[in-house]
Structures are given as structure tokens and as C-alpha cells.
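Architecture at a glance
Read off the chains here:
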Amino acid sequence: MTGRNGRRPGSPTALRDQNRARVVDELRRQGQATQADLARATGLAPATISNIVRDLAGAGSLHIEKRSGKRNSVRLTGGTGFVVGVDLGHRHLTVGISDLTHHVVAQTRTDLPVGLSAEDAMDRARRLLDTALDDAGIDRGAVVGAAMGLPAPIDRTTGRVGSPSILPGWVGVDASALAATALELPVRVVVDNDANLGALAEHQWGAGAGTTDMVYLKLSEGVGAGLIVGGRLYSGVAGTAGEIGHTTVDEFGAVCRCGNRGCLETLVSARYVVSLLAPTAGELTIEEVVRRAIAGDRAFVRVLDDVGRQVGAAVAGVCSVLNPELLVLGGELAQAARILIPSIQQVVDRCGVPSAAAALRIRPAMLGPQTHLLGAIARAIADADHSVFIS
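Summarised in this report is the structure supplied together with it. (Residues numbered from 1 in each chain as written. Predicted model: local features only at pLDDT ≥ 70, side-chain atom pairs only at ≥ 80, totals over all residues. Heavy atoms only, no water.)

Moving residue by residue along a regular strand, the side chains alternate between the two faces of the sheet. Among the six residues in strand E9 (residues 214-219), six count as buried, and that is most of the element. By the alternation rule, side chains of E9 split into Met214, Tyr216 and Lys218 and Val215, Leu217 and Leu219, which are all buried. In the sheet, E9 pairs with strand E10 (residues 223-229) via six bridges, with the strands oriented antiparallel. Paired with Leu217 across the two strands is Ala225, which belongs to E10. Hairpin geometry of E9 and E10 is characterised by an intervening segment of three residues between the two adjacent antiparallel strands. Across five bridges, the pairing between E9 and strand E12 (residues 326-330) is parallel. Considered in E12, the bridge of Val215 is made with Leu327. (Buried < 20%, exposed > 50% of the residue type's maximum accessible area, 1.4 Å probe, protein only. Helix = DSSP H or I, 4+ residues; strand = E, 2+ residues; numbered from the N terminus. Pairing = 2+ DSSP bridges.)

Below, the structure is given as C-alpha cells:
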């Protein structure tokens, strides 16, 4: 009996390929690592790692970077394929192309009108992708992986938006299938919640690098969390874990877009913050709100401080349940981190389990507007075909 690759399961050749795949997967996840790091992460013997690194380097699939006074590090080479990442937000769309070393070789962005249908959004994504491919001189046939982030929970069992009222233009749509058809790519398009992808990016390259348990909190037009537990993304049995924005804070509060009342999102979203200040300050952007708060405008400071306190109450519950070491604050409102973080920390200290609250560090995200695109790229690389490395 042979496997799909013609190799008998359990044979030395099949075991070698399996071990190579484990090393490749870890390098996709980390981007760059020492051989000692790879041995710890994969559980393989150092001698086995050394042999795999030598073979992959000889095949041109891996580059060994010699560092004076430090252990040499290894990374995958960039010439064996490319991946596509798509960040589709409520008001923006970004498409990027990366090689397999996580280096973005082309990127395009456009603003979106509110309430755009799934089909129209993906038509615009295809046009942006065409531009990016042309700019980078890359053929679609060289794409070995693709992923897209949406600002909504994605049901793992159906591939559809897990709450129809949160992203109405995508009701009943198989997001992965639509994306694959619209983008005309030769690979499956993985679709995930944008906060999950933000957590992946910040965990690999940003504020969460080196942590094993962290929460990435996106505070923007929507509010959501991506959870890293034991060094891996945790998304729950149906794929919708982390929807902190749709936890009830006031059951008699404002009606939320999810159909519930008094959700956290109704009290801390970017839209709500702007609406509170509009009657006296006129039409504003979040950038202007943050600038005026930092300048000391009392009303602006008060509104952002109240946001921090509401978020802190929700985060205290998360800390008591998950006991993370780090909370990474992302999204538009992360620009106000110097005001929000002390308010969040104060409420977490007051309301959380003392030992969990004491262990928590809160930091602003480091990757800025690219966070969710980089997360999509990381997910696309992780999902890409092994054969480009181990054949």
C-alpha cells in the first residue's frame, strides 16, 4: 500500500518527508529560526534537524544566515512561490503579494463604500490583485497559497459568516469559494476573521513575539479579539471564538448590528466614539479625536477614558478565564493607546482575578495598518502546498 505521493506509509522515505514537512511548517510560522529553535518546536533530534537543513539548503529551498557571535539562523528561500493576502474591512480593501519568506513584494489599497455586496467587494479585490501581480511581474500560476480576512466571525463548518447581521453583504455566501472564483487563483483561498489574522501577525512579528498566551484586541469600526493559546491561534469548535465585541454589557442598551442589545461594540467602536463628540465638535476622524485628546481637550480625554474602562471590564473577564500574559491593542483606536491602556489596566486590576491581572501586560500593536494583511499572508503561507519545499 502506498500513499498519494507513491511512498509507503511508515517507510524511511515517508518518515523523512514527514519530518521535512514539520520543519517547513515551523519555518513558515516563525519566518526565521535557529536549528535549536526548530528542534525544540518540532520535537525532532538535533541531528535530524541538521540533516534536514543541509538537504533543504542543498536543494535551494532554505537559506542559512551566518551571524557573527551568534547561532546561525535559517529561513525559507523566496523563489519557490508566492502567496496572496487580502484584508477586507468595512471601509477599506488591501491586497498584498508575498514570497515565502514573508517579504511583501507588492501591495495595493482602496477605500470602500459602506454596505458593499460580497460580489462587488471581490470584483474590486480581483482588480487590485491584477495590479499587484503586474507590478511585481508575477504570474497567477506562481501563487501557492492565499488567505483573506473579513471583519466578522467565520463559521468553520460552513465557510460562511457566522452571524448574518454583522456583515449583511455576505449573508449566505461561501466566502472561500467566492474568493477563489473572483480572484481566479489556482489555490484554495482560506478565509478567517480579521482579528484572528491580526493575532497571528502580532504574535509572529509584532508586540506578541516570544509570547505563548496573548490576546489581540481590535478596536475599530468593529470590535473583536484573536486568541493565541499555547503559542497557537485558538478559534473554538466552530471557528468563532474571540467575539468579545458582541458580549452583552447592558442588556437594555443600544441595539447592536449583531441583533443583540448593549454589546461592548455599541459602547467602544470608532463610530460610537466619533458620534459622542460630533454634536459639539462636528464631523471628526479617529485621528483627530486622538490628536485632540493628547493635546488635553477635556471632552476628548473623557470619552477615550470611558472607552478604556468599558474595554477593561471585558478584558478582566478574559483574563480570569484565559490568564494571558499579554494584551495587544490594535485597530484604529490603538492610536489612543497612551490614554486607553492606563484605563484598561486600572479596571482589570480592580475586577480581574488578582494573580491573572498582575500577570497581564498591555501593549499597543506594532504593525499598524498592515497588521491584518500580514496576518492573511502568514495564514496563506501556513496553508500553502508542502511540495514546493520537500519534493
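Let's shift gears to the sheet that holds strand E1 (residues 33-34). Hydrogen bonds between backbone atoms are what pair the strands of a sheet, whose relative direction is either parallel or antiparallel. The strand order across the open sheet built from three strands is E1-E3-E2, with neighbouring strands paired in antiparallel fashion. The open sheet has two edge strands, E1 and strand E2 (62-65), and neither has a second partner. Examined bridge by bridge, E2 and strand E3 (residues 73-76) share four bridges and lie antiparallel to one another. Bridge pairing links His63 to Arg75 in E3. Packing of helix H3 (residues 46-58) onto the sheet brings it into contact with E2 and E3, and relative to E2 it is tilted by some 115 degrees. (Contact = heavy atoms within 4.5 Å. Axes fitted to C-alpha atoms, helices over the stretch in contact; angles between N-to-C directions.)

Together, Val229, Tyr234, Val321 and Leu322 give the surface a local cluster of nonpolar side chains, amounting to about 370 Å² of exposed area. In this fold, Tyr234 is placed in strand E11 (residues 232-234). (Patch = residues over 30% accessible without salt bridge, like charges linked within 9 Å, V, L, I, M, F, W, Y side chains within 5 Å. Areas by Shrake-Rupley, 256 points an atom, 1.4 Å probe, with all protein chains shown as cover. Salt bridge = Lys/Arg side-chain N within 4 Å of Asp/Glu carboxyl O.)

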